[in-house]
Amino acid sequence: QVQLVESGGGLVQAGGSLRLSCAASGRTFMYAMGWFRQAPGKERETVASISRNGDNTYYPDLVKGRFTISRDNAQNAVFLQMNSLKPEDPALYYCAAVLPPPPFFRKTYTSKDEYRYWGQGTQVTVSS
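Report on the accompanying structure.

Analysis parameters
Residues numbered from 1 in each chain as written. Predicted model: local features only at pLDDT ≥ 70, side-chain atom pairs only at ≥ 80, totals over all residues. Heavy atoms only, no water. Helix = DSSP H or I, 4+ residues; strand = E, 2+ residues; numbered from the N terminus. Buried < 20%, exposed > 50% of the residue type's maximum accessible area, 1.4 Å probe, protein only. Contact = heavy atoms within 4.5 Å. 1 Å grid on protein atoms, 1.4 Å probe; cavity = no way out; pocket = protein on both sides within 12 Å on 5 of 7 lines; lining within 4 Å. Points joined across faces, edges and corners; volume = space filled by probe spheres on them. Nonpolar A, V, L, I, M, F, W, Y, C, P; charged D, E, K, R; others polar. Polar contact = N/O pair within 3.5 Å; in protein donor to acceptor, adjacent residues only side chain to side chain.

## Considering the environment of Leu 4
Reasoning step 1: Turning to its location among the elements, Leu 4 is positioned in strand 1 (residues 3-7).
Reasoning step 2: Judged by its relative accessible area of 7%, Leu 4 is buried.
Reasoning step 3: Along the primary structure Leu 4 and Ser 25 are separated by 21 residues, whereas in three dimensions their C-alpha atoms are 6.7 Å apart.
Reasoning step 4: Discounting residues that sit within four places of it in the chain, Leu 4 has contacts with Cys 22, Ala 23, Ala 24, Phe 29, Met 33, Cys 95, Ala 96, Ala 97, Tyr 117, Trp 118, Gly 119 and Gln 120.

And the structure:
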């Protein structure tokens, strides 16, 4: 089965940037992918998602314009570029994958309940 490993988290000042990476191993990387985050005492929430073919992306209003999801299937990797980080952004960030059936190769999956495979998370901390 596919395994996902996140990296790139760390401590950054408000207004700064981080680039998170999600490396996949095992199966061929033919999944729709998503990034999620969970802060202490809060539910896990969707940050971004990208379709299997990479043509479509989704962002919630809280991160739209600041975060960008991308993928490189040749490297079996997914990335989350985070710019203009805010004090509200600190959380454990997770990468997740779901295998879409035809004809949903262009679909963005936006709910955490739709994802089957999860990484262990990488911590993002923002200082004021």
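## Focus: unusual backbone geometry
Reasoning step 1: That bond from Pro 102 to Pro 103 is cis: its omega, 5°, falls within 30 degrees of zero.
Reasoning step 2: One can find Pro 103 in the loop between strand 9 (91-98) and strand 10 (117-118).
Reasoning step 3: A positive phi angle, near 50°, is found at Asn 76, a position not held by glycine.
Reasoning step 4: Mapped onto the secondary structure, Asn 76 falls in the loop between strand 7 (67-72) and strand 8 (77-82).
Reasoning step 5: Positioned with a positive phi, Ser 84 is a non-glycine residue whose angle comes to about 50°.
Reasoning step 6: Assessed through its relative accessible area of 41%, Ser 84 is described here as partly exposed.

## Considering the layout of surface pockets
Reasoning step 1: The space that makes up the largest pocket amounts to roughly 180 Å³.
Reasoning step 2: If you go around the largest pocket, you meet 13 residues; those closest to its centre are Arg 37, Lys 42, Glu 45, Leu 62 and Glu 88.
Reasoning step 3: In terms of residue class, the lining of the largest pocket is made up of 4 nonpolar, 1 polar and 8 charged.

## Digging into the side chain of Arg 37
Reasoning step 1: Mapping Arg 37 onto the fold places it in strand 4 (residues 32-38).
Reasoning step 2: At 3.0 Å, the side chain of Arg 37 and the side chain of Tyr 93 are in polar contact.
Reasoning step 3: The residues touching Arg 37, leaving out its near neighbours within four places in the chain, are Glu 43, Arg 44, Glu 45, Val 47, Val 63, Phe 67, Glu 88, Asp 89, Ala 91, Leu 92 and Tyr 93.

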